[in-house]
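Notes for the structure review
Here is how the chains run, residue by residue.
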Amino acid sequence: MPGWLGCLCRAYAEAIRQGAPKATQVSDRWHLCHGLAGAVEKTVIAHSDCWRPDPATRPARTPAAAGGSAPARAIDERTRARHTAMHGLLGQGVGLLDCARRLGWSLNTVKRYARADTAEQLLRPPRYGTTLVDPYRDHLRRRLVTEPNIAVTRLLGEIRELGYTGSATLLVRYLNQGRIDTDQTTPTPRRLVSWIMTRPAELPPHDQRHLDDLLATCPHLVTLAEHVREFARLLTARLGGELDDWLNAVEASDLPAVHAFVRGLRKDLSAVVAGLTLPYSNGPIEGTNTKVTLLKRQMYGRAGFALLRKRILLS
């Protein structure tokens, strides 16, 4: 059990050292990757102002499309106001717990706002799916290039002649969101994290191209991806002896969230090195625990221990 998981895991590690001092503690590789993924997600969100489209800088295509949607603007303004209030208290020397009491927020929310240097780091990118307008994007783009002030009603009539079956509201929203300017839908932070954490050879070509385009907008994310791939190389090739070089390289880069992950690894470095060197893994145990948890949740409030025991033994 890796010590970086928290006080409980450090307690387990200390208990093992006292009860079986000759035993070799080995960090679980899945949890190492999971911890790294959490640090990657925090970094991706912190730099979302680099890789997500900024509604404030989009050119206004039509009067209806100018300025973005009112709900989106309201959310952004609320986030900025909350960020200003939070950092105003911090500037006065108010502690995090006192900030939570004064603002009426949870402590986790206070910590999230305190970590963000700017309000933009707190603004999540929009989540867009496919729509009925997508097949007509090229036509709309051509028409807006040749006639920037064309009325939305004319655009609606033209694409309906081409087979569009959606509503006028959907078209207006599509234009307001600026989706006419790009062929690629902006991914969610977790989707971008999954792309970064996936082996390049296993990523579909279109996702890899999209990832490359997004990384090119932010040097910090380029460095992050390099660190992730190097850590994956150490893990898959069992090169725990080279971990210290990786830790030093991460600490030399401007990635605070990954620095926190590295500090956790250093607290139980011998177990982490063993996890990246030895062939042992508690993966089967983790799988069994997950299965037992699933069975318990399926039976919650319906049956007692006897039936749970029987299902576990027979599964």
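As a reminder, the structure under discussion sits directly above these lines.
Counting restarts for each chain: residues are numbered from 1 in the order of the written sequence. Thresholds applied to this predicted model are a pLDDT of at least 70 for local features of residues and 80 or more for the giving and counting of side-chain atom pairs; totals over whole chains, interfaces and linings are not thresholded and use all residues. Water and hydrogen atoms were dropped before computing side-chain values, which therefore reflect all heavy atoms in the structure.

**Overview of the overall build of the protein chain**
Keep this limit in mind: Runs of H or I in DSSP of at least four residues are treated as helices and runs of E of at least two as strands, each being numbered from the N terminus. For every residue, the accessible area (1.4 Å probe, protein chains only) is compared with the maximum for its type, and the residue is labelled buried under 20%, exposed over 50%, or partly exposed between those bounds. Residue contacts are defined here by distance: any two heavy atoms, one from each residue, within 4.5 Å place the two residues in contact. Areas reported as accessible are Shrake-Rupley estimates using a 1.4 Å probe. Residue values count occlusion only from the protein chains shown.
Along its length, the protein chain carries 17 helices and 0 strands. For the protein chain, the residues scored as buried account for 37% of the 315 residues in total. Contacts in the protein chain between residues far apart in sequence, at least 24 positions, make up 64% of those at least 6 positions apart. Accessible surface, the protein chain as shown: approximately 18,300 Å² in total, 56% of it carbon and sulfur.

**Some points on the nonpolar core**
Here is the rule: Put simply, a nonpolar core is a bunch of buried Ala, Val, Leu, Ile, Met, Phe, Trp, Tyr and Cys residues held in one set by side-chain atoms that sit within 4.5 Å of each other.
Formed by 33 residues in total, the largest nonpolar core has its most connected members in Val-44, Ile-196 and Trp-246. Going through the elements one at a time, α2 (29-46), α10 (189-197), α11 (205-215), α12 (219-236), α13 (243-251) and α14 (256-267) are the ones with two or more residues in this core. When residues in this core are grouped by element, the largest group, 7 residues, is from α12. Within the second largest apolar cluster, 15 residues are counted, among which are Leu-140, Leu-144, Val-152 and Tyr-164.

**Section: a nonpolar patch on the surface**
What counts, and what does not: Candidates for patches are residues over 30% relative accessible area with no salt bridge; among them, like charges are joined within 9 Å and nonpolar side chains (Val, Leu, Ile, Met, Phe, Trp, Tyr) within 5 Å. Any carboxyl oxygen of Asp or Glu that lies within 4 Å of a side-chain nitrogen of Lys or Arg is treated as forming a salt bridge with it.
Taken together, Leu-96, Leu-97 and Leu-107 make up a surface patch of nonpolar side chains, about 240 Å² in accessible area. Inspection of the secondary structure puts Leu-107 in helix α6 (residues 107-115). Overall, Leu-107 belongs to the partly exposed group, its relative accessible area being 32%.

**Here we look at the packing of helix α5 (residues 96-103) against α6**
How we decide: To get an axis, a line is fitted to the C-alpha atoms, and for a helix only the part in contact is used. The angle between two axes follows their N-to-C directions and goes from 0 to 180 degrees. Under this scheme an angle from 65 to 115 degrees is roughly perpendicular, one under 35 degrees roughly parallel, and one over 145 degrees roughly antiparallel; angles in between are oblique. Less than a right angle of anticlockwise turn of the near helix away from the far helix marks a crossing as left-handed, whereas a clockwise turn marks it as right-handed. Three categories are distinguished: nonpolar for Ala, Val, Leu, Ile, Met, Phe, Trp, Tyr, Cys and Pro, charged for Asp, Glu, Lys and Arg, and polar for the others, with Gly belonging to the last.
The N-to-C vectors of α5 and α6 enclose an angle of 110°; their axes lie 9 Å apart at closest approach. Viewed along their axes, α5 and α6 adopt a mutual orientation that is roughly perpendicular. Regarding α5 and α6, the two cross each other, and that crossing is right-handed. Taken together, the residues of α6 that come into contact with α5 (itself represented by Leu-96, Leu-97, Cys-99 and Ala-100) are Leu-107, Val-110, Lys-111 and Ala-114. For the contact of α5 with α6, the class distribution of residues is 7 nonpolar, no polar and 1 charged.

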